[in-house]
Amino acid sequence: MTTPQLIIIMGVSGSGKSTLAVKLANALGYNFVEADDHHSAANKAHMAAGKPLTDAMREPWIEQLIKHIRQHHQQQQSVVLAYSGLRQQHRAKFRQAFPQLNCLFLEVAKGQLIERMNQRNAHFMPASLLDSQFEALEPFAAEEKITLLDGAKTPDALLKEVLK
Ligand SMILES: Nc1ncnc2c1ncn2[C@@H]1O[C@H](COP(=O)(O)OP(=O)(O)O)[C@@H](O)[C@H]1O
Ligand SMILES: O=C(O)[C@H](O)[C@@H](O)[C@H](O)[C@H](O)COP(=O)(O)O
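Below: a short report on this structure. Numbers given to residues run from 1 along each chain, matching the order in which its sequence is written. Here the convention is simple: chains get letters from A, ligands get numbers from 1, in the order in which they are written. The model is predicted, so local features are restricted to residues of pLDDT at least 70 and side-chain atom pairs to those at 80 or more, both for listing and for counting; the totals for chains, interfaces and linings are taken over all residues. Side-chain calculation: all heavy atoms of the structure are included, whereas hydrogens and water are not.

**Focus: the nonpolar core**
Residues belong to one nonpolar core when they are buried, are Ala, Val, Leu, Ile, Met, Phe, Trp, Tyr or Cys, and are joined through side-chain atoms within 4.5 Å. Working definition: with a 1.4 Å probe on protein chains only, accessible area under 20% of the residue-type maximum means buried, over 50% means exposed, and in between means partly exposed. Counting 19 residues, the largest nonpolar core has Leu 6, Ile 8, Leu 81, Tyr 83 and Phe 94 as the members making the most contacts within it. For this core, the secondary structure elements donating two or more residues are β1 (6–10), α3 (55–74), β3 (79–82) and β4 (102–107). Strands are runs of DSSP state E lasting at least 2 residues, helices are runs of H or I lasting at least 4, and numbering of each runs from the N terminus. Considering each element in turn, this core owes the most residues, 5 residues, to α3. Ignoring any residue separated from it by four or fewer positions in sequence, one finds Phe 94 in contact with Ile 8, Ile 62, Leu 65, Ile 66, Ile 69, Leu 81, Tyr 83 and Leu 101. With 13 residues, the next largest nonpolar core counts Ile 7, Ala 21, Ala 82 and Leu 106 among its residues. Should any heavy atoms of two residues lie within 4.5 Å, those residues are considered in contact.

This is how it looks when you write it as structure tokens:
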């Protein structure tokens, strides 16, 4: 039996995490998990009102995500997770729970992100929260072994690169 895998596609809001994660999950035959689907209604309403999450608000979300991925793994299902990964302490929780995990981070310039977020229909996250996303983003330590990706590339080019 092979060990179920976890790949996390990280990046600030609008960087293309969900788009790439869906493609990668399809290509590998893994399950796609969208971190946004696991926010509480209160957290979503908070962001929709233009207020960034605090770490205390993120905590139960992270715990829920870890629990959900464990359930997939217990059923021998590998996962591609689209999750922003802004906070170092939360990234460490994932690494502790899933030591074999593989993290990729999409880098995109702010101007392009604003354009993308404004194009996105019916999403709870307003583009006005982008500055707070960059403020919350903590640098990656060497031991985190994060692969940086140029998120300005097309989704297909990114997929090809990741599958190499
Ligand atoms: N590589 C890309 N190049 C151009 N546009 C993209 C790319 N990836 C995603 N998009 C578009 O940008 C918007 C945000 O993408 P999404 O995958 O929802 O980002 P995230 O999950 O990081 O918030 C969507 O409208 C999506 O179609
Ligand atoms: O603040 C955070 O910890 C996360 O960034 C989180 O708030 C996430 O980014 C939103 O759920 C928006 O969703 P998208 O990143 O999919 O736009």
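Next, the rest of the story.
**Things to note about the site of ligand 2**
Whether a residue is near a molecule or strand depends on its heavy atoms: it is near if one of them lies within 4 Å of it. Lining the immediate surroundings of ligand 2 are 16 residues, of which Ser 13, Lys 17, Asp 36, Arg 58 and Gln 133 lie closest. Polar contact is defined as a pair of N or O atoms within 3.5 Å, subject to the rule that within protein one atom must be able to donate a hydrogen and the other to accept it, and that residues adjacent in sequence are counted only when both atoms are side-chain atoms. Within the side chain of His 39, one N or O atom sits 2.8 Å away from an oxygen atom of ligand 2. One of the side-chain nitrogen or oxygen atoms of Gln 133 is found 2.8 Å away from an oxygen atom of ligand 2. Its free accessible area being 400 Å², ligand 2 has 97% of it covered by the protein chains. The cavity where ligand 2 resides is the largest pocket. In this classification, the charged set is Asp, Glu, Lys and Arg, the nonpolar set is Ala, Val, Leu, Ile, Met, Phe, Trp, Tyr, Cys and Pro, and all remaining amino acids, among them Gly, are polar. For the shell around ligand 2, the per-class residue count stands at 6 nonpolar, 6 polar and 4 charged. Note on areas: Shrake-Rupley, 1.4 Å probe, and residue coverage restricted to the protein chains presented here. A 1.4 Å probe that fits into a set of points on a 1 Å grid over the protein atoms alone but cannot get out defines a cavity; an open set with protein on both sides within 12 Å along at least five of seven lines defines a pocket, and lining residues are those with an atom within 4 Å of a point. The rule for placing a molecule in a cavity or pocket is simple: more than half of its atoms must lie within 2 Å of the grid points.

**Description of helix α2 (residues 41–48)**
Here α2 has its buried residues at Asn 43, His 46 and Met 47. End-on, the buried residues of α2 take up no more than an arc of 95 degrees, which puts them together on one face. Counted as exposed and oriented over 90 degrees from the buried face of α2: Ala 41 and Ala 42. In this fold, the buried residues of α2 make contact with α3. Within this analysis, the arc is defined by the directions that extend from the helix axis to the C-beta atoms.

**Comments concerning the sheet that holds strand β5 (residues 146–150)**
A pair of strands is treated as paired once DSSP finds two or more bridges between them. Sheet architecture is open: 5 strands sit in the order β2-β3-β1-β4-β5, paired in parallel fashion. Either end of the sheet is taken by a strand with one partner, and the two such strands are β2 (31–34) and β5. Between one strand axis and the next, the sheet turns by 20 degrees as a mean value, whatever way the strands run. Fitted lines through C-alpha atoms serve as axes, helices being fitted only where they are in contact, and the angles separating the N-to-C directions of these axes extend from 0 to 180 degrees. Here helix α1 (residues 17–28) sits on the sheet in contact with β1, β2, β3, β4 and β5, set at roughly 155 degrees to β1. Sitting on the sheet, helix α7 (residues 155–163) touches β4 and β5, and the angle it makes with β5 is about 150 degrees.

**Some details on the site of ligand 1**
The local shell around ligand 1 holds 15 residues, among which Gly 14, Ser 18, Thr 19, Arg 120 and Lys 153 are the closest. Gly 14 is positioned such that a nitrogen or oxygen atom in its backbone is 2.9 Å from an oxygen atom of ligand 1. Contacts to ligand 1 include Thr 19, whose side-chain N or O atom sits 2.6 Å from an oxygen atom. About the coverage of ligand 1: the protein hides 76% of its 560 Å² of free accessible area. Counting atoms within 2 Å of the grid points, the majority share of ligand 1 lands in the largest pocket. Counting residues per element, the ones that place at least two in the shell around ligand 1 are α1 and α7.

Read these as layout, nothing more, since geometry by itself doesn't imply function.
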